[in-house]
Amino acid sequence: MPLRNIGTVYRKELTDSLRDRRTLISTLLVPLLLFPILSVGFAALAVTLEKKAKEEIPKVMLLGGADSPGALEALRASKKIEVVPATPDWKDKIINKEIRAAVAIPDGFEASLAQQNPQTVEIYKYEGELKSSISADTVEKELKDYRDNVIEARLDANHVPSSILIPFRIKQDNVAPPEKVGGAELGGIIGYMVILLCLTEACIRRWT
């Protein structure tokens, strides 16, 4: 086919496309305006919510532990959580977001530790709720710090250096070139792009 004819067909198709309101919205308005706004908006909202949740001093309820004053004192002394009195309706309080988490300390906890019998401390949270999950992570970190103190005390009592617990260190290094890293990150947002494309179709149907 001669190039002149190809140019004629191309101009005709381009003219028809520019006259089509649906095409203009889907090819220009949505990609250039809606996609960047939604992408930046979602990212900014997620960062803001997470930052605000981490700055909050969560209310945490302690369940049990009357015979383990050391563990209770360690949690109450933390500046990252606010310990509130225990009540029977603690589950409802978590669900209603009156408190963010609850910690159940088993009976005879410290006595078992003294006999070197492992015990399990349970942390109850509202799965899927951002602030409750962050609060549970904070409580877990405080408990791990208390556990480390117990271990160090045992080692000191037996005149064993605490460095024995860390025989070697682990470090992660990136070996992929920047373009590979960028490709992996781009692949991670495909799911978001599918959502945006669905919104695009909805907008097109709404405006045409």
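Read on for an overview of the structure. (Residues numbered from 1 in each chain as written. Predicted model: local features only at pLDDT ≥ 70, side-chain atom pairs only at ≥ 80, totals over all residues. Heavy atoms only, no water.)

1. Let's talk about helix α6 (residues 130-157)
For α6, spanning 28 residues, the distance from its first C-alpha to its last is 41 Å, which sits close to the expected 40 Å at 1.5 Å a residue. Residues of α6 that are buried include every one of Ser 132, Ser 133, Ile 134, Ser 135, Ala 136, Thr 138, Val 139, Glu 142, Leu 143, Tyr 146 and Leu 155, and no others. (Helix = DSSP H or I, 4+ residues; strand = E, 2+ residues; numbered from the N terminus. Expected span 1.5 Å × (residues − 1). Buried < 20%, exposed > 50% of the residue type's maximum accessible area, 1.4 Å probe, protein only.)

2. Concerning the nonpolar core
Of all hydrophobic cores here, the largest spans 13 residues; its most connected members are Leu 75, Val 103, Ile 105, Phe 109 and Val 139. Only β1 (59-64), α3 (69-76), β3 (101-105), α5 (109-114) and α6 provide two or more residues apiece to this core. Excluding anything up to four places from it in sequence, Ile 105 contacts Leu 63, Gly 64, Gly 65, Ala 71, Leu 72, Leu 75 and Val 121. Of all hydrophobic cores here, the second largest spans eight residues; its members include Trp 90, Ile 94, Ile 99 and Ala 102. (Core = buried A, V, L, I, M, F, W, Y, C linked by side-chain atoms within 4.5 Å. Contact = heavy atoms within 4.5 Å.)

3. Observations regarding the sheet that holds strand β2 (residues 82-84)
Remark on secondary structure: sheet strands pair via backbone hydrogen bonds, oriented parallel or antiparallel. The strand order β2-β1-β3-β4 describes an open sheet built from four strands, whose pairing is mixed. The two strands at the open ends of the sheet, each matched to only one other strand, are β2 and β4 (122-125). Recorded for the sheet is a direction-independent mean angle of 30° between the axes of neighbouring strands. Bridging between β3 and β4 involves four bridges; their strand directions are antiparallel. The residue bridging Ala 101 from the neighbouring strand is Lys 125, located in β4. (Pairing = 2+ DSSP bridges. Axes fitted to C-alpha atoms, helices over the stretch in contact; angles between N-to-C directions.)

4. Some remarks on the packing of α3 against α6
At a minimum axis distance of 10 Å, the contact between α3 and α6 shows a crossing angle of 130°. Here α3 is positioned oblique relative to α6, judged by the angle of their axes. Relative to α6, α3 is oriented so that their crossing is right-handed. From α3, Gly 70, Ala 71, Ala 74 and Leu 75 reach across to α6, where they touch Glu 142, Leu 143 and Tyr 146. (Parallel < 35°, antiparallel > 145°, perpendicular 65-115°, else oblique. Left-handed = near helix turned anticlockwise from the far one by under 90°.)

5. Regarding the environment of Asn 117
By secondary structure assignment, the location of Asn 117 is in the loop between α5 and β4. You can call Asn 117 partly exposed: its relative accessible area is 35%. Only 3.3 Å separates the side chain of Asn 117 from the side chain of Gln 115, close enough to count as a polar contact. (Polar contact = N/O pair within 3.5 Å; in protein donor to acceptor, adjacent residues only side chain to side chain.)

6. Thoughts on unusual backbone geometry
For residues besides glycine, phi is generally negative; the peptide bonds are generally trans as well. Here Lys 97, not a glycine, exhibits a phi torsion of approximately 65°, which is positive. Its location among the elements puts Lys 97 in the loop between α4 (90-95) and β3. Located in the positive-phi region is His 159, a residue other than glycine, with phi close to 55°. Along the chain, His 159 falls in the loop between α6 and α7 (178-188).

7. Looking at the side chain of Lys 93
Position of Lys 93 among the secondary structure elements: in helix α4. Under the relative-accessibility criterion, Lys 93 is labelled buried at 18%. Those residues in contact with Lys 93 that lie beyond four places of it in its chain are Met 61, Thr 87, Glu 98 and Ile 99.

8. Details of the pattern of salt bridges
Under the counting rule described, the total for this entry stands at eight salt bridges. One salt bridge in this structure joins Lys 93 and Glu 98, with 3.2 Å as the shortest N-O distance. Between Arg 100 and Glu 129 there is a salt bridge; the shortest N-O distance is 3.6 Å. You can see Arg 100 sitting in the loop between α4 and β3 and its partner Glu 129 sitting in the loop between β4 and α6, a full 29 residues away along the chain. Beyond isolated ion pairs, a larger network of salt bridges with shared partners links Glu 56, Arg 100, Glu 129 and Lys 131. (Salt bridge = Lys/Arg side-chain N within 4 Å of Asp/Glu carboxyl O.)

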